[in-house]
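Here's the letter readout for the chains.
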Amino acid sequence: MKTSRAKSPARATLLPKCPTGIQGLDEITDGGLPRGRPTLVCGGAGCGKTLLAAEFLVRGAMQFDEPGVFIAFEETEKELKANVASLGFDLAGLVRRKKIVVDYVHIERGDAQESGEYDLEGLFVRLNHAIDSIGAKRVVLDTLEVLFASLPNEAILRSELRRLFRWLKDKGVTAVITAERGRESLTRHGLEEYVSDCVIVLDHRVNDQIATRHLRVVKYRGALHGTNEFPFLIGEDGISVLPITSLALNHVASSERIATGIPRLDAMLGGRGFFRGSSILLTGTSGTGKTIISSNFAQAAGRRGERVLYFSFEESPNQITRNMHSIGLRLEPLMKRGLLRIHSARPSLYGLEMHLATMFKEIATFKPHVVIIDPITSLMDLGTDSEGKGMVTRLIDYLKAGQITSFFTSLTQGGKAPQESEAAMSSLMDSWILLQDFEGNGERNRVLYVLKARGMKHSNQIREFLISDHGIDVVDAYIGASGVLTGSARAAQNALEKAAVLAGQQEAAQLVREVERKRAALERQISSLRADHKTEAAELRRIAEQVGTSTRLLGTERAASGILRQADANVAAGARGKARPGRSK
Amino acid sequence: MMKSQRTSRPAAAPARAPKPWQLRLYVTGQTLKSVTALANLRQMCEIRLKGRYRITVVDLLEKPQLAKGDQILAVPTVVRKLPRPVRTIIGDLSDTAHLLVGLDLRATG
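For clarity, every value in this text was computed on a predicted model and none was experimentally measured.

A few points about the overall build of chain B
Tallying secondary structure elements over chain B gives three helices and five strands in all. Seen in sequence order, chain B has helices and strands lined up from the N terminus as β-β-α-β-α-β-β-α. Residue burial in chain B is summarised as follows: out of 109 residues, 45% are buried. A separation threshold of at least 6 residues defines the contact pool for chain B, and within that pool the share at least 24 residues apart is 69%. In the form shown here, chain B has an accessible surface area of approximately 5,400 Å², with 55% of it arising from carbon and sulfur atoms.

Points about the interface of chain B and chain A
Contacts between the two partners involve 26 residues from chain B and, on the opposite side, 26 residues from chain A. Contact with chain A buries surface across chain B, with Gln71(B), Leu73(B) and Ile90(B) losing the most and accounting together for 35% of the total. Here chain B is connected to chain A by two salt bridges. At the junction of chain B and chain A, the tally comes to 14 residue pairs in polar contact (both at pLDDT 80 or more). Breaking the side of chain B that touches chain A down by element, the ones donating at least two residues are helix H2 (66-69), strand E5 (87-90) and helix H3 (96-103) of chain B. Ranked by residue count, the leading element in the side of chain B that touches chain A is H3(B), at four residues. Looking at the side of chain B that touches chain A residue by residue, the class counts come to 14 nonpolar, eight polar and four charged. Pairing geometry for strand E6 (residues 112-114) of chain A and E5(B), over three bridges, is parallel. Following the sheet pairing, Ala112(A) is matched in E5(B) by Thr88(B).

Remarks on helix H10 (residues 290-303) of chain A
Residue and element names in this part refer to chain A. In this model, H10 (14 residues) spans 20 Å end to end at C-alpha, consistent with the 20 Å of a helix rising 1.5 Å per residue. Counting buried positions along H10 gives 13 out of 14 residues, so the element sits mostly inside the fold. Taken from the residues just after H10, Gly305 is the one with a positive phi, measuring 90 degrees.

Calculation rules
Every residue gets a number counted from 1 within its own chain, in the order that chain's sequence is written. Lettering of chains starts at A and numbering of ligands starts at 1, both following the order in which they are written. Residue-level local features of this predicted model are given only where pLDDT is at least 70; pairs of side-chain atoms are given and counted only at 80 or more, and the full residue set underlies all totals for whole chains, interfaces and linings. With hydrogens and water stripped out, all remaining heavy atoms of the structure feed into the side-chain values. Helix and strand labels come from DSSP, where a helix needs a run of H or I of at least four residues and a strand needs a run of E of at least two; each type is numbered from the N terminus. Here the term buried applies to any residue with accessible area under 20% of the maximum for its type, exposed to any over 50%, and partly exposed to those in between, with areas from a 1.4 Å probe on protein chains only. Two residues form a contact once any of their heavy atoms are found within 4.5 Å. To be clear on the numbers: accessible area is Shrake-Rupley with a 1.4 Å probe, and residue cover counts the displayed protein chains and nothing else. The term buried area refers to how much accessible surface (probe radius 1.4 Å) is lost by two components on association, counted for both of them together. By convention in these notes, a salt bridge is any Lys or Arg side-chain nitrogen within 4 Å of a carboxyl oxygen on Asp or Glu. Side-chain atoms alone can form a polar contact between residues adjacent in sequence; in general such a contact is a pair of N or O atoms within 3.5 Å, and within protein one must be able to donate a hydrogen while the other accepts it. Charged residues are taken to be Asp, Glu, Lys and Arg, nonpolar residues to be Ala, Val, Leu, Ile, Met, Phe, Trp, Tyr, Cys and Pro, and polar residues to be all remaining types, Gly included. Being paired, for any two strands, means DSSP has found at least two bridges between them. Multiplying one less than the number of residues by 1.5 Å gives the expected span of a helix.

This is the structure in structure tokens:
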């Protein structure tokens, strides 16, 4: 026995595995179910046990050339065929080609009367006959527990079941046994007691009115397996267990750069745009132009000849193309050339996992270079925070593994700091561009800035971006003392500045004139002072002359009077007369 | 092979008015249970249905495909094909009371 999935010689010596071919399940179980051993699949009603078992058989017959036997206790062959046909499986055809045998075991409750000892050799004979008739390698028993209702003697039944599982192992077939989930035990009748190699539990839960199926490998003897609960869904082509999680961060990081479709934005991102295969988040409140930037990015990629898959959760493809047309962005040609595919779905259409699976499927078939999800927040609202983050993680892992550039838009609520509301997602993103609107002057203007861009030089500037008939234009926003100004305020500010310059010039001229005037005034003052001084000096001279004249006059007068009074009095009177000239009067 | 054992069928039997009972016993080889079941069945029929019955023994080891027709799981199983309705009794038939109930022979007995 050897596993077809054995990747290394070391692994081949471990427990041989039997690939189920069910998307995701083989990844979780690291290769499939234990080969040649029975596996118990238990779960409540309607959680997909029968389908899982049927798919195991059908894929075994189709993909691994392992014929199978389906022992149905609950559904007739016809019903079973119809049921799996809805998943696109041609069970009837496989039965015709002798790849699968369906044996419907019908037992009416309380139908048989018991009398004495018996065993279930009849079942063994049937099973053996069915297995040998086509050389089956796989067996499904769905659902054995019906036996508990129809065979009253539980002691016999239990010992026979034990013998059955032993017998299946001896026969070397890989068996899947389904069972109803019990209240306290895994199965209603404790079948897990007999099947000890591998136990898978299926579960169908309703959260917020959205039902999600989960799968968990409870036990897998002798093998590594993911023990988490994985969401799974039943789609058009069978079961897919999610995630196809890459458990390691080991994807290749490309250093190739791709343009955003907006030259100025490229310039802000080190001049060359985003890295190929990176994850980009575009955050903004409603109406900030997320879809427009996304469409631009899509168009740019399409023009490079790359395929773009656009998941829209808000608008129909037609609506997007029409709206983009209004700004001169033509997406139809790209769609016609098969470079752009817009996949629209309402978020509430189905659960998170179903969305994810649909997206995986679309991605797998379309093989895009760029995936745009607009907006991711609509999806995240469907689940709890952790589920939402888990989903984004899975999606990004999946896309990065395929070197697909992912572009997510995220709608933030006004008033909430965008950095805060996206905290959960941001760590997963390589680049983060923020769109904001500024309100003022009776208008709303959009700005954009790069919040982070891992591994590249990026601008720290806030830029205003304008949407016109011919697309997006990123312009420098006004950044000045009074903050960031956009739109008409930016224009007004420009005008204001011009006026201010003019006013300054005028003021300077005024000042020059004033100084001139002052200087003139000063000069006038100086000359008037000089004039004053002149006048005063002239006056002084006049006075001095007057004093000289009068002194002279006095001298001559006295001499005259001395002559008049006698010359003998000349000596004494000359001294007295000099001392008190006024007294002489 | 299907062994039709026209067991204990007296010469007078064909003249009897009611149709003969048709009983089919499914066994897997000659196990103790199989042998016991056949013996028990015969004994019962001899007492209750003397001359009016026919037992067919089907060995599933030889004819496994026949298990599907009568939906046989447990072995041994007796299926009363006639008279209608079909009735099924499982076990080695050692419990006579249950066998009678199973074959609906209480009324006639």
